[in-house]
2 protein chains.
Amino acid sequence: MKKTTMKDIAKAANVSVATVSYVLNNVSNQTIPDDTKCRIIETANKLNYIPDLAARSLVKQKTGLIGILVNRTENEGFWRRHSNLELIDQLENYFTNKGYHVVLSSLDATNPNINIIAERKLDGVFLIDVKNEQFHRISNQFKAGVPLIVIDSFIDDPLFYKVVYDYEDAITKAVKIHSQDCHFVIEAFNNQETIEKIKVFSGVADNSIHVMEHEQGLVRFLNQHPNKSVIVINELIGAIVSKYVNPSQLVVICTANCPAILPVQTTRIDFGELKSSAAFHLMMQLLSGQRDIPHDKYIRVKAE
Amino acid sequence: MKKTTMKDIAKAANVSVATVSYVLNNVSNQTIPDDTKCRIIETANKLNYIPDLAARSLVKQKTGLIGILVNRTENEGFWRRHSNLELIDQLENYFTNKGYHVVLSSLDATNPNINIIAERKLDGVFLIDVKNEQFHRISNQFKAGVPLIVIDSFIDDPLFYKVVYDYEDAITKAVKIHSQDCHFVIEAFNNQETIEKIKVFSGVADNSIHVMEHEQGLVRFLNQHPNKSVIVINELIGAIVSKYVNPSQLVVICTANCPAILPVQTTRIDFGELKSSAAFHLMMQLLSGQRDIPHDKYIRVKAE
DNA sequence: GTGAAAGCGCTAACAA
DNA sequence: TTGTTAGCGCTTTCAC
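None of these values were measured; they are calculated from a predicted model.

## Quick word on the pattern of salt bridges
Counted under the stated rule, the structure contains 22 salt bridges over all chains. A salt bridge links K302 of chain A to D166 of chain A, with the nearest nitrogen and oxygen atoms 3.1 Å apart. Pair noted here: K302 of chain A is in the segment after β11 (298-301) and D166 of chain A is in the loop between β5 (161-165) and α8 (167-177), with a separation of 136 residues, a long-range link. Each of R72 and E76 of chain A together with D89 of chain B takes part in one network of salt bridges that share partners.

## Some remarks on the protein's contact with DNA strand C
Contacts to DNA strand C come from 28 residues, most closely from P33 of chain A together with M6, Y22, Y49 and R56 of chain B. Atoms of DNA strand C within 4 Å of the protein belong to the sugar or the phosphate in 70% of instances, the rest to bases. The contact in question runs from a base oxygen of DNA strand C to an N or O atom on the backbone of V59 of chain A, over 3.5 Å. Note that a base nitrogen of DNA strand C is positioned 2.5 Å from one of the side-chain N or O atoms of Y22 of chain B.

## Observations regarding the nonpolar core
One finds F126 of chain A together with F126 of chain B to be the most contacted residues of the largest nonpolar core, which totals 87 residues. Apart from the residues within four sequence positions on either side, F126 of chain A is in contact with I66, G67, I68, L69, L91, F95, I149, I151, A279 and M283 of chain A. Among the nonpolar cores identified, the runner-up in size contains 44 residues, and L218, V241, C258 and L262 of chain A belong to it.

## Observations concerning the packing of helix α8 (residues 167-177) of chain B against helix α9 (residues 192-202) of chain B
All names here are of chain B. It is the contact of α8 with α9, at a shortest axis distance of 9 Å, that shows an interaxial angle of 35 degrees. Considering only the axes of α8 and α9, their crossing is right-handed. Side by side, α8 and α9 meet where Y167, E168 and I171 of the first sit next to T194, I198, F201 and S202 of the second.

## Let's talk about the sheet that holds strand β7 (residues 209-212) of chain B
All names here are of chain B. Read from one edge to the other, the open sheet built from five strands follows the order β7-β6-β8-β9-β10, with strand pairing classed as parallel. Lying at the two open borders of the sheet, with one neighbouring strand each, are β7 and β10 (267-270). Taking the axes of each pair of neighbouring strands and ignoring which way they run, one obtains an average angle of 20 degrees across the sheet. Bridge count for strand β6 (residues 182-187) against β7 is four bridges, and the pairing is parallel. Residue pairing for β7: F184 is matched across the bridge by I209.

## A look at the protein's contact with DNA strand D
The immediate surroundings of DNA strand D are formed by 30 residues, with Y22 and Y49 of chain A together with S16, T31 and P33 of chain B found nearest. Each atom of DNA strand D within 4 Å of the protein was assigned to sugar, phosphate or base; sugar and phosphate come to 67%. Residue T19 of chain B places a side-chain N or O atom 2.9 Å away from a phosphate oxygen belonging to DNA strand D. At 3.2 Å, a side-chain N or O of T36 of chain B approaches a phosphate oxygen of DNA strand D.

## Brief notes about α9 of chain B
All names here are of chain B. Turning to α9, its buried residues number three or more, namely T194, I195, I198, K199 and S202. Across the axial projection of α9, the buried residues extend over an arc of 140 degrees, all falling on one side. Each element contacted by the buried residues of α9 is listed here: α8, β6, β7 and β8 (229-233). Looking at the residues trailing α9, positive phi occurs at G203, about 70 degrees.

## Regarding the interface of chain B and chain A
Opposite the 53 residues of chain B that make contact, chain A presents 51 residues. Across the chain B to chain A interface the summed buried area is about 4700 Å²; carbon plus sulfur atoms make up 57%. Our count for the chain B to chain A interface comes out at six salt bridges. Note that R72 of chain A and D89 of chain B form a salt bridge whose closest N and O atoms lie 2.5 Å from each other. Linking chain B with chain A are 27 residue pairs in polar contact (both at pLDDT 80 or more), by the criterion used here. Those elements that place two or more of their residues in the side of chain B that touches chain A are α4 (53-60), β1 (65-72), α5 (78-97), β2 (101-108), α6 (115-119) and α11 (235-241) of chain B. Residue composition of the side of chain B that touches chain A, by class: 28 nonpolar, twelve polar and 13 charged. Where strand β2 (residues 101-108) of chain A and β2 of chain B come together, three bridges link them in antiparallel fashion.

## Observations concerning the state of the cysteines
According to the stated counting rule, one finds zero disulfides over all chains in the structure shown. Between C182 of chain A, a cysteine without a disulfide, and C254 of chain A, which holds the nearest cysteine sulfur, the sulfur-to-sulfur distance is 16 Å.

## Quick word on the relation of the copies chain B and chain A
Expressed as a screw operation, the relation of chain B to chain A combines 0.0 Å of axial shift with a rotation of 180 degrees, fitting to an RMSD of 0.0 Å. Those values place the two copies in the arrangement expected of a two-fold rotation axis. Taking C-alpha positions as the reference, the residue of chain B nearest the rotation axis is V103 of chain B, at 2.2 Å. Of all interface residues in chain B, 96% are interface residues in chain A too; the two copies therefore contact each other through one and the same surface.

## Topic: the sheet that holds strand β9 (residues 250-254) of chain A
Residues and elements named next belong to chain A. Spatially, β7-β6-β8-β9-β10 is the arrangement adopted by the five strands of the open sheet, whose pairing is parallel. Each end of this open sheet is capped by a strand with a single partner; those strands are β7 (209-212) and β10 (267-270). Going from strand to strand, the sheet's axes swing by 15 degrees on average, the running direction of each strand aside. Here strand β6 (residues 182-187) runs beside strand β8 (residues 229-233); their pairing, made up of four bridges, is parallel. By the bridge assignment for β8, F184 is matched with I231.

## Some remarks on helix α4 (residues 53-60) of chain A
Of the residues making up α4 of chain A, those classed as buried are L53, A54 and S57 of chain A. Seen from one end, α4 of chain A has its buried residues packed into an arc of 100 degrees, which puts them on one side. The inward-facing, buried residues of α4 of chain A contact β2 of chain A together with α4 and α6 of chain B. You can read the cap of α4 of chain A off the contacts: a side-chain oxygen lies 2.8 Å from the backbone nitrogen of A54 of chain A, and it is on D52 of chain A. Within two residues after α4 of chain A, Q61 of chain A carries a phi angle of roughly 60 degrees, on the positive side.

Cut-offs applied
Per-chain numbering applies: the sequence of each chain, read as written, is numbered from 1 onward. Note on labels: chains are lettered from A, ligands numbered from 1, in written order. A pLDDT threshold of at least 70 governs which residues receive local features in this predicted model, and a stricter bar of 80 or more applies before side-chain atom pairs are shown or counted, although totals over entire chains, interfaces and linings include all residues. Neither water nor hydrogens contribute to the side-chain values; these are computed over all heavy atoms in the structure. Definition used for salt bridges: Asp or Glu carboxyl oxygen within 4 Å of a side-chain nitrogen of Lys or Arg. Where helices and strands are cited, they refer to DSSP runs of H or I of at least four residues and of E of at least two residues respectively, numbered from the N terminus. To be near a molecule or strand, a residue needs just one of its heavy atoms within 4 Å of it. Definition of a polar contact: a pair of N or O atoms within 3.5 Å, with one able to donate and the other able to accept a hydrogen when the atoms are protein atoms, and with sequence-neighbouring residues admitted only if both atoms are side-chain atoms. Take the buried Ala, Val, Leu, Ile, Met, Phe, Trp, Tyr and Cys residues and link them wherever side-chain atoms come within 4.5 Å; each set so joined is a nonpolar core. To sort residues, take the accessible area from a 1.4 Å probe on protein chains only and compare it with the maximum for the residue type: under 20% means buried, over 50% means exposed, and anything in between is partly exposed. The contact rule is simple, with two residues in contact once any of their heavy atoms fall within 4.5 Å. For helices, the fitted axis covers only the stretch in contact; all axes are lines through C-alpha atoms, and the angles between them, taken along N-to-C directions, range from 0 to 180 degrees. Crossing handedness is defined as follows: a turn of the near helix away from the far one that is anticlockwise and smaller than a right angle gives a left-handed crossing, while the clockwise case is right-handed. Being paired, for any two strands, means DSSP has found at least two bridges between them. Summarising the geometry, the arc corresponds to the directions from the helix axis toward the C-beta atoms. What counts as buried area is the accessible surface, traced by a 1.4 Å probe, that two parts surrender upon association, with contributions from both included. Note that Gly is not counted as nonpolar here; it falls among the polar residues with everything else outside the nonpolar set of Ala, Val, Leu, Ile, Met, Phe, Trp, Tyr, Cys and Pro and the charged set of Asp, Glu, Lys and Arg. When the sulfur atoms of two cysteines come within 2.5 Å, that pair is taken as a disulfide. Each copy is superposed on the other by least squares, with the fit set by C-alpha atoms of residues at a pLDDT of at least 70 in both.

Right, here's the structure in full:
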């Protein structure tokens, strides 16, 4: 039971492969009588023809593949994983709906290998949570032309678009809720600059901010500052914090698309799907080569 | 700045493309002197050569692509999404480490289109949470030869391997913990047979089992049966249940790889990464055409 | 209206 | 030891 190719159809329908191609792709500048057209389409269906996209890409120089490349480190907490995975899931949905296929690949954050972009001739690429120092190497190695959007990373390169949460805005809103001074628990991004930014925006001393690595470390931090209100980024971390902190003392900036995991008394500031949506629309613009693309290379997504 | 091809290397190194191919692929039955070898490798590096995997697949008839196809319905809860995404993430890691590339695609559960398998010539396919009635159509449309593993689905077709949790075992363990009679909260799988199996294994009446659709429905169910101990499948649902039920009255069968989300007093039965691991190893066996593959088409994964 | 043929980048059998 | 060449399945120009 071999795969049927255009050649098979051509033979069966008594036409040339060229004609088959014309019909099956609805080529506009060719005028083909309805009966040949029908005959070809019928035999194609009968033979269960499905085009080989790799062969097509080879000549078209477009693969219809979108890459999502995620930097990962050993022993990531599930909170990190899940917020990344939510993003991936949303992006995948958008692109699948547009007829693209999505290639997912994790990168070693300390030694990312982005050959996949060239090997698979990806039409567009998302790069998630890159270390600034690694990005230098990446952008060097990177032959321009392929639309590349960097997510969750503050990097020095002015060449590429960067989609990030507007943490400044979110934190400002969060701080307003409890007028007293707060403590912060945030995610351990690979992109150190993101952490630094958040620290600056928080406006509190370094020892009032905990970068979440594991539950024990968190508990130690919370014990050092009892009875304080806490602002948490990522509701999965929030859920863990709520085991140890009075939920009503908690404000959570939701980045993992599951605010319902939190206790009812906890205040939420929700980003929902805004980041993936922004990244998707930007990518579609880049793919279509539009020229009305944003001037600012940083797209800052505001909470709802 | 065009992509370099083997032709470019051949020209630059004064050899034929064949020789370049031999050297770059370490073809064993060809004996090439070290200096030509070096010359070729050097120019390849200098020109920043990266092979085009699509072109290679075309002739090799192997793409190095693994498909993960996930059935999805509108408005899935995040608990469903996240347990699927954990699985996907783990599979992706395994295969990326083996040098495969992973294509992720969501399917409309009520009308799954699996053309992607043929279009992209996937070397192997995982199909997650399929409806039994849809599988008929899928397997018809499916030209044999491609290793296909079905996950989280009880389906009638004896042809394909099916990796599922051993819910019977897990539930037996869970029930033992609270000797009193329990109530159950379980996930709303697309595969109705999975739900039915779980109901049978639970050994309780239908109205003691709640299939989680949304939080309000859950709350209604829990209010109908106050002060009972509850067995939950999926720790993210467990975390939601723990808002309304005394955590020590709770036993959670963990399928989403984040048991730490649960209150400390809650009992856990954890599947960890055993499902993805089993699925991965099975796929590797199928890919290598080994003949010592399991006889039983159902792989039942037991909790740790 | 239709088809022959070149070629996308690569591999592998066969010559030389 | 190296090169020539025929494809893999498809698109597309150009001739008929």
